[in-house]
There are 6 protein chains.
Amino acid sequence: MQLQLSTWQEVEAYLERATAIIVPIGSTEQHGPNGLIGTDAICPEVVARAVGEEEDALVGPTISVGMAQHHLAFPGSITLRPSTLIACVSDYVESLTRHGFDAIYFLNGHGGNIATLNAAFSEIYAHASLGRTERRVRLALTNWWDGGDVRRVSNEHFAGVEGSHATPSEVSLSYFAYPEAVKSASLEPRVAPSGRFRDAEDYRRRFPDGRIGSDPSRASPEVGERLFHAAVRDVRKDYRAFAAGGR
Amino acid sequence: MQLQLSTWQEVEAYLERATAIIVPIGSTEQHGPNGLIGTDAICPEVVARAVGEEEDALVGPTISVGMAQHHLAFPGSITLRPSTLIACVSDYVESLTRHGFDAIYFLNGHGGNIATLNAAFSEIYAHASLGRTERRVRLALTNWWDGGDVRRVSNEHFAGVEGSHATPSEVSLSYFAYPEAVKSASLEPRVAPSGRFRDAEDYRRRFPDGRIGSDPSRASPEVGERLFHAAVRDVRKDYRAFAAGGR
Amino acid sequence: MQLQLSTWQEVEAYLERATAIIVPIGSTEQHGPNGLIGTDAICPEVVARAVGEEEDALVGPTISVGMAQHHLAFPGSITLRPSTLIACVSDYVESLTRHGFDAIYFLNGHGGNIATLNAAFSEIYAHASLGRTERRVRLALTNWWDGGDVRRVSNEHFAGVEGSHATPSEVSLSYFAYPEAVKSASLEPRVAPSGRFRDAEDYRRRFPDGRIGSDPSRASPEVGERLFHAAVRDVRKDYRAFAAGGR
Amino acid sequence: MQLQLSTWQEVEAYLERATAIIVPIGSTEQHGPNGLIGTDAICPEVVARAVGEEEDALVGPTISVGMAQHHLAFPGSITLRPSTLIACVSDYVESLTRHGFDAIYFLNGHGGNIATLNAAFSEIYAHASLGRTERRVRLALTNWWDGGDVRRVSNEHFAGVEGSHATPSEVSLSYFAYPEAVKSASLEPRVAPSGRFRDAEDYRRRFPDGRIGSDPSRASPEVGERLFHAAVRDVRKDYRAFAAGGR
Amino acid sequence: MQLQLSTWQEVEAYLERATAIIVPIGSTEQHGPNGLIGTDAICPEVVARAVGEEEDALVGPTISVGMAQHHLAFPGSITLRPSTLIACVSDYVESLTRHGFDAIYFLNGHGGNIATLNAAFSEIYAHASLGRTERRVRLALTNWWDGGDVRRVSNEHFAGVEGSHATPSEVSLSYFAYPEAVKSASLEPRVAPSGRFRDAEDYRRRFPDGRIGSDPSRASPEVGERLFHAAVRDVRKDYRAFAAGGR
Amino acid sequence: MQLQLSTWQEVEAYLERATAIIVPIGSTEQHGPNGLIGTDAICPEVVARAVGEEEDALVGPTISVGMAQHHLAFPGSITLRPSTLIACVSDYVESLTRHGFDAIYFLNGHGGNIATLNAAFSEIYAHASLGRTERRVRLALTNWWDGGDVRRVSNEHFAGVEGSHATPSEVSLSYFAYPEAVKSASLEPRVAPSGRFRDAEDYRRRFPDGRIGSDPSRASPEVGERLFHAAVRDVRKDYRAFAAGGR
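Residues numbered from 1 in each chain as written. Chains lettered and ligands numbered in written order. Predicted model: local features only at pLDDT ≥ 70, side-chain atom pairs only at ≥ 80, totals over all residues. Heavy atoms only, no water.

Caption draft 1: Structural detail: the interface of chain C and chain E. In this complex, chain C contributes four residues to the contact, which on the side of chain E involves four residues. Taken together, both faces of the contact between chain C and chain E bury some 360 Å²; the carbon and sulfur share is 33%. Together, C:Glu94, C:Arg98 and C:Arg135 form the three largest contributors to the area buried by chain C at its contact with chain E, with a combined 84%. E:Arg132 is the partner of C:Glu94 in a salt bridge, and the nearest nitrogen-oxygen pair spans 2.7 Å. On inspection of chain C and its partner chain E, the count reaches three residue pairs in polar contact (both at pLDDT 80 or more). (Contact = heavy atoms within 4.5 Å. Buried area = accessible area lost by both parts, 1.4 Å probe. Salt bridge = Lys/Arg side-chain N within 4 Å of Asp/Glu carboxyl O. Polar contact = N/O pair within 3.5 Å; in protein donor to acceptor, adjacent residues only side chain to side chain.)

This is how it looks when you write it as structure tokens:
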């Protein structure tokens, strides 16, 4: 059940049977020569929507722009500064708790969001902890790739070439979601270098085509489909536990 | 050309032939008993994407949550406070200008965004005006319903019942975009009351089912399709003038 | 009744018979070769004070500096960034509601304030809408030139040369208020160019002497007096309706 | 020379002969049973304007609302929070330096502004000190009562009953400026209690009618006139030294 | 009793017998050729801890970095901007009031903190004054050198050469606290120049080795010890009065 | 070499041989019945100072208050909200880069700081990435317990009872640092429960005495000494690599 495709009365009815909601959060940033700039938003969005259908869970609109300062040396990348993203997430959550939602499940598609999103959670919890509000909310952050099934499929196909950015797994999943957008590019070297990074220039100097440690030329919509089903299975379990009060 | 479905090299190539970009911006808020909560994001998004195709214009990811404080008494509505939305839009624009985009065209779907978005533009311009940056950028705000063709179709079908929120026009366009989400609801009274509003409680007291001055029971995907084509025609013209340096 | 010229006991007494207050808000910015930099603050101030006398309405201190980023290429112009103006207006309003004022009527003299002031209203309302406060307040924004009487006088004298910045009407009203400050300047061209603008440099390039679409050489204290009386009539009616709970 | 009553060309001409400017800053807060709420804005404003005339110094628009949180238990008092006032003063100063002003002289009328205004100065200087900007500016804060001549007149008339808030001196000066607003009230006790204070409730508990240590029943327009001339003499000297590069 | 060396149960027990706490606040900034960069944090810290022991007062962790923008032209100086320091102090205080502390006594070691710290107090009080919170707190700011005993010892040893920055008194006290860090440096001129300052470059131009008006070559651990005992006596008295509800 | 115990000339000399600096960062929060509230600040501080001695590395003043919202239901815990901590760290780093430091090594003692500190790094990097500044800086975050030697000692003594908050390892290290502050308390149950947590009330409900998964009754100054030496070895290696340009 997508919030964007529902009426307010449908949400009102939903709130009588559930008070949890899924919020996909991604990023808008380069994903190497054959990866889509929207990869990190696309992946959690398609998984969240499927989970929403299967679990009768409400799915909010995707936060498509995240914390991507390190990708800004590649055209098309967009970032919110951490302080801005914290403000956004805070307003988003405060609006939902106003209606009675008390369990917000962020399904994340971008490693670079994790620190800032956890900081945002602390900012939100701090209001309660400092005694400014009586409202209580449970917040969870799960990456779509966190579960065992995804890891299994990923290892089966991409062992040794998964890397950590512009991975064949996420590229595959985005190809499955948007087969019309499959790209081909010759990658040189086949497996990108690995390592840390700091600001945007530093990132580009170390990873000239944007990939980190990965060979996304191995990506395909077919593996994407397997990953999609694996992720939906993983996330359904995780979300169900969360909605039931766990975590 | 959608930013989210492009690679960074494709954006790099785009920047050699154009430096303008379209950014759809909407809202997540109640749209009466048969309107979708995502109406205001859906409408500019579908129009923007079509314009992008026809005009070879890049379309950035939709800002789906806008300024909707007045709708918060209806479940499912989400707002960013104006100060938060100003910060978001500023970061979004600053990221784009970093790459060489110098003309950002916001295609808006929500009247409640207009004031804050214009304030955000002034906040961004102020950096240049105060001498803090050498970068220059042109910003435009167009509502998808601003053009003459849309007004003609709208008047033809909905004269006297268009109203100003949850209008049959926007509901029709969203139905055209998502025919699977067409809703039916009995509206009482047929045409909603009109007037101003202040905060969320005040809004709900005045407009108990969320509509203002409209009869969206008249909405249909068929009229939505006509409106879609009209909006694309209107916006293409407007965008072309903007990209060419006008406005 | 001016707040600045009252004692706190007089305000206490006022609050027993009324809970509305008028706040003039203007700007400090160039107004062309013969217009005063304070025009936009002067005009609503003199109108507000007269309305205050006639209607036994309390008038707060004028907010003299507004949102004027686009005028910064002309010496003497001062701006608050929108985010700063939002914070100012929020504190101003929150202070007043603390005392029991629940209806704040901003009488505005600067078109450039409108978007930011409306954003500020939404920022203030959002506190209530998100459930952060129990306090309720009604906010109104009226421009001194909004009413029918002003428009009539303006049209009678300045049809076709009113323009939109450094208008003969506002210059006349400021001359009426400060006859000792009447300026003369030769204007070339007689009627300034019209159009949009963005940041300060862009504005100055398009409108080299600061005027937009106007011929303020036609301004005079005599017409200013007629405009003054017209504005007082217009605003009295509007304020009375607001104070009575309307709007 | 008042900025508000000048044209931009007059300011342009001024900047060729001087780069200093006077900014009156006050507060909007209770001043006891017979003092005006605007006292702290009125006093520096009238002194600044006279100094401006005598010294050919430009005088900017008065900042009428300052830091007055401690007065909020008395109706009519308005405060900016310190963080808001810092933002306002920063924008005000940054706008002026944009035009070439490099010496801003704040003539203050409210003790409660001093700490925050000094913090604002440090906030502004920090931009230069951290290396964010090449612009340099000199900032000064003078209270209208700082000079020897004012102190002499004050001591002559009000020795022992001057106190520190709602003083007979400031009330006298405001009466001189607005003789039509002279108030009479019986004060009990004649001389108000003295001491420190914290928040608004604490202040009102300690100082039930708003005065601190003063007997403003002694105030008169006649002494106000003497104080006015004394303050103008004091401030002229001080301003001249500042404008010449001193301090 | 140091907070950092206590358990939460010990604090819980403390709160049953007292609700006041001492917070040392200093700065990290150059103190001339023979003064320690940490002088302003060290001095209030050692005094506060001794007072804590003698008075059974809880002492919180030292705020070591303060407002020191004017020292940034000397290597090693660190500043918080005033707005940042206000946020820090606000969070620190709000955390303490959450536990039931209602009297926070800041023992300060840096003149440059005073304005910003007082602004922070007003920011905190404003929450109560505007009616945002029911919590009440008393805040005090005392400099370790404020008392009569310190002044006597200081005058006895350093009359005429105390100056206002990198004073022999503070250097002596820091030497007493850290005898292993005693420095020697030849000072030229013996007594540094005096005067005001603005930003960091201006400061360094006027005071090339960092000192203002002082001859800290006269500093010694022995005088430091006398100052330490004097300060402890002074502050004990002052703190006791504050904790008892005075001030 | 401690910044607080150095003169500015010593720092100037240091900058000729090195441009890296170590900044200890901790927290002020409950550490169970026998752990010190300052544990998380004490541990990195003592390790950092020893590393500083051995490596001729400058060590800045400890940031003693971190992000500890979840501990606020236990008396004595103090938090900065994430947004405040981001501002603090940004100012701290910007001050240091002003002097020529280009490699800041945060030695952390609190798991709860990690997300916010990484968000702060991104906030700082974003300035460069967005093109606002030419300055470049390398930032590192290392926990004192990250290295292999610490893990070995920890496992040797506390396998199975280390837990994740109020661990015997950190308690031991703090006891070694402050033997006079060793506490004894009977712990019930011996090993605390494990799990996640959200806001302060939630934390206390799950972990009634503050510990998570640990048995700190096993802590001792003797093991603390071993851990100290292990941590110094680990961190020396790590810091040396960082200072040399690695990471």
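Caption draft 2: Looking closely at the pairing of strand E3 (residues 103–108) of chain C. All names here are of chain C. By the criterion of burial, E3 is predominantly enclosed, with six of the six residues buried. Residues Ala-103, Tyr-105 and Leu-107 point to one face of E3 and Ile-104, Phe-106 and Asn-108 to the other, with burial holding for every one of them. Pairing geometry for strand E1 (residues 20–25) and E3, over six bridges, is parallel. Pairing of Ile-22 across the sheet is with Tyr-105, part of E3. Looking at chain direction, E3 and strand E4 (residues 138–143) are connected through six bridges and run parallel. Paired with Leu-107 across the strands is Thr-142, a residue of E4. Note on the crossover from E3 through helix H4 (residues 114–129) to E4: the handedness is right-handed. (Buried < 20%, exposed > 50% of the residue type's maximum accessible area, 1.4 Å probe, protein only. Helix = DSSP H or I, 4+ residues; strand = E, 2+ residues; numbered from the N terminus. Pairing = 2+ DSSP bridges. Right-handed = clockwise from strand over helix to strand, strands pointing away.)

Caption draft 3: Representation of the sheet that holds strand E2 (residues 58–59) of chain C within the structure. Residues and elements named next belong to chain C. With parallel pairing, four strands are arranged side by side in an open sheet as E2-E1-E3-E4. Of all the strands in the sheet, the pair left with one neighbour each is E2 and E4. As paired strands, E1 and E2 are joined by two bridges and run parallel to one another. Paired with Ile-21 across the strands is Leu-58, a residue of E2.

Caption draft 4: How the structure looks around helix H4 (residues 114–129) of chain B. Between its terminal C-alpha atoms H4(B) stretches 22 Å, which fits the 22 Å expected from 16 residues at 1.5 Å a residue. Positive backbone phi, approximately 85 degrees, marks B:Gly131, located one or two places after H4(B). (Expected span 1.5 Å × (residues − 1).)

Caption draft 5: Just the relation of the copies chain A and chain B, in detail. Of the two same-sequence chains, chain A is brought onto chain B (RMSD 0.0 Å, axial shift 0.0 Å) by a rotation of 180 degrees. Here the copies are linked by what is in effect a two-fold axis. (Least-squares fit on C-alpha atoms with pLDDT ≥ 70 in both.)

Caption draft 6: Structural detail: the relation of the copies chain C and chain E. Once turned by 120 degrees and shifted 0.0 Å along the axis, chain C lies on chain E with an RMSD of 0.0 Å. The symmetry that links the two subunits is that of a three-fold axis. Nearest to the rotation axis, the C-alpha of C:Arg132 is located 5.3 Å from it, this being the minimum over chain C.

Caption draft 7: Broad picture of the arrangement of the chains. No part of chain B reaches chain E; the closest C-alpha pair between them is 17 Å apart. In this view chain C stays clear of chain F, with the nearest C-alpha atoms of the two still 17 Å from each other.

Caption draft 8: Expanded view of the packing of helix H4 (residues 114–129) of chain A against helix H4 (residues 114–129) of chain F. Their axes nearest at 8 Å, the elements H4(A) and H4(F) cross at an angle of 120 degrees. With respect to H4(F), the axis of H4(A) lies oblique. Relative to H4(F), the crossing made by H4(A) is left-handed. Side by side, H4(A) and H4(F) meet where A:Ala115, A:Thr116, A:Asn118 and A:Ala119 of the first sit next to F:Ala115, F:Thr116, F:Asn118 and F:Ala119 of the second. For the contact of H4(A) with H4(F), the per-class residue count stands at four nonpolar, four polar and no charged. (Axes fitted to C-alpha atoms, helices over the stretch in contact; angles between N-to-C directions. Parallel < 35°, antiparallel > 145°, perpendicular 65-115°, else oblique. Left-handed = near helix turned anticlockwise from the far one by under 90°. Nonpolar A, V, L, I, M, F, W, Y, C, P; charged D, E, K, R; others polar.)

Caption draft 9: View of the interface of chain A and chain B. If you look at the interface, chain A gives 54 residues, while chain B gives 53 residues. Of the roughly 4100 Å² buried between chain A and chain B, counting both surfaces, carbon and sulfur atoms make up 61%. On the chain A side of the contact with chain B, A:Gln4, A:Leu5 and A:Trp8 bury the most area, a combined 18% of that side's loss. Between B:Glu10 and A:Lys183 there is a salt bridge; the shortest N-O distance is 2.8 Å. Between the two partners, chain A and chain B, sit 25 residue pairs in polar contact (both at pLDDT 80 or more). Put simply, the parts of the chain that give the side of chain A that touches chain B at least two residues each are helix H1 (8–17), helix H2 (39–55), helix H3 (82–99) and helix H7 (200–206) of chain A.

Caption draft 10: Highlighting H4(A). For H4(A), the tally of buried residues reaches 12 of 16 residues, placing the bulk of the element in the interior. Buried residues of H4(A): A:Thr116, A:Leu117, A:Ala119, A:Ala120, A:Phe121, A:Ser122, A:Glu123, A:Ile124, A:Tyr125, A:Ala126, A:Ala128 and A:Ser129, and no others.

Caption draft 11: Main features of unusual backbone geometry. With omega at 0 degrees, the peptide bond leading from C:Glu188 into C:Pro189 counts as cis. Note that C:Pro189 resides in the loop between helix H6 (168–177) and helix H7 (200–206). The backbone phi angle of A:Ala166 is positive, close to 55 degrees, even though this residue is not glycine. Assignment of secondary structure puts A:Ala166 in the loop between helix H5 (148–158) and helix H6 (168–177). For D:Asp56, which is not glycine, the phi dihedral falls at a positive 50 degrees. Here D:Asp56 is to be found in the loop between helix H2 (39–55) and strand E2 (58–59).

Caption draft 12: Geometry of the side chain of B:Thr79. Within the secondary structure layout, B:Thr79 lies in the loop between strand E2 (58–59) and helix H3 (82–99). Relative accessible area serves as the criterion here: at 0%, B:Thr79 is assigned to the buried category. For B:Thr79, the side chain forms a polar contact with the main-chain nitrogen of B:Ala68, separated by 2.7 Å. Polar contacts involving the side chain of B:Thr79 include one to the main-chain amide nitrogen of B:Gln69, which spans 3.2 Å. Discounting chain neighbours no more than four positions away, the residues touching B:Thr79 are A:Asp91, A:Tyr92, A:Ser95, B:Val65, B:Gly66, B:Met67, B:Ala68, B:Gln69, B:Leu72 and C:Leu130.

Caption draft 13: Seen up close, the nonpolar core. Judged by nonpolar contacts, the single largest core of 372 residues is most densely connected at A:Phe106, B:Phe106, C:Phe106, D:Phe106, E:Phe106 and F:Phe106. Residues in contact with E:Phe106, not counting those within four places in the same chain, are E:Val23, E:Ile25, E:Ile63, E:Val89, E:Val93, E:Leu117, E:Phe121, E:Leu139, E:Ala140, E:Leu141 and E:Thr142. (Core = buried A, V, L, I, M, F, W, Y, C linked by side-chain atoms within 4.5 Å.)

Caption draft 14: The pairing of E4(C), seen in detail. Burial of E4(C) is extensive: six of the six residues sit out of reach of the surface. Judged by which residues are buried, E4(C) turns out to be covered on both faces: C:Arg138, C:Ala140 and C:Thr142 on one side and C:Leu139, C:Leu141 and C:Asn143 on the other are all buried.

Caption draft 15: Summary view of the pattern of salt bridges. All names here are of chain A. Counted according to the given criterion, the structure contains 108 salt bridges over all chains. A salt bridge links Arg-240 to Glu-55; the nearest nitrogen and oxygen atoms lie 2.9 Å apart. Of the two residues, Arg-240 sits in helix H8 (residues 221–243) while Glu-55 sits in helix H2, which places them 185 residues apart along the sequence. Relative accessible area serves as the criterion here: at 17%, Glu-55 is assigned to the buried category. Asp-202 is paired through a salt bridge with Arg-205; the nearest N and O atoms lie 3.3 Å apart. Within this pair, Asp-202 and its partner Arg-205 are both found in helix H7, separated by three residues, close to a single helical turn. Of the residues examined, Arg-205 reaches a relative accessible area of 57% and is grouped as exposed. Linked through salt bridges whose partners overlap, the residues forming this network are Glu-54, Glu-55, Arg-236 and Arg-240.

Caption draft 16: Seen up close, the side chain of C:Gln30. Tracing the chain through its elements places C:Gln30 in the loop between E1 and helix H2 (39–55). Reaching out from C:Gln30, the side chain makes a polar contact with the backbone nitrogen of C:Gly32 at a distance of 2.7 Å. When near neighbours in sequence (up to four residues on either side) are disregarded, C:Gln30 contacts C:Ile37, C:His71, C:Phe74, C:Ser77, C:His165, C:Tyr203, C:Asp209, C:Gly210 and D:Trp8.

Caption draft 17: Summary view of the environment of D:Asn118. You can see D:Asn118 is positioned in helix H4 (residues 114–129). By relative accessible area, D:Asn118 is classed as partly exposed at 30%. When the C-alpha positions of D:Asn118 and D:Ile86 are compared, they lie 9.1 Å apart, and in sequence the two are 32 residues distant. If we skip the residues at most four places from it in the chain, D:Asn118 touches D:Leu141 and E:Ala115.

Caption draft 18: The sheet that holds strand E1 (residues 20–25) of chain A, seen in detail. Residues and elements named next belong to chain A. Strand order in the open sheet made by the four strands is E2-E1-E3-E4, with parallel pairing throughout. The outermost strands of the open sheet, each flanked by one partner alone, are strand E2 (58–59) and strand E4 (138–143). Strands in contact with H4 are E1, strand E3 (103–108) and E4; relative to E4, the strand with the most contacts, it is inclined by about 175 degrees. Against the sheet, H8 touches E1, E3 and E4, its axis set at about 160 degrees to E3.

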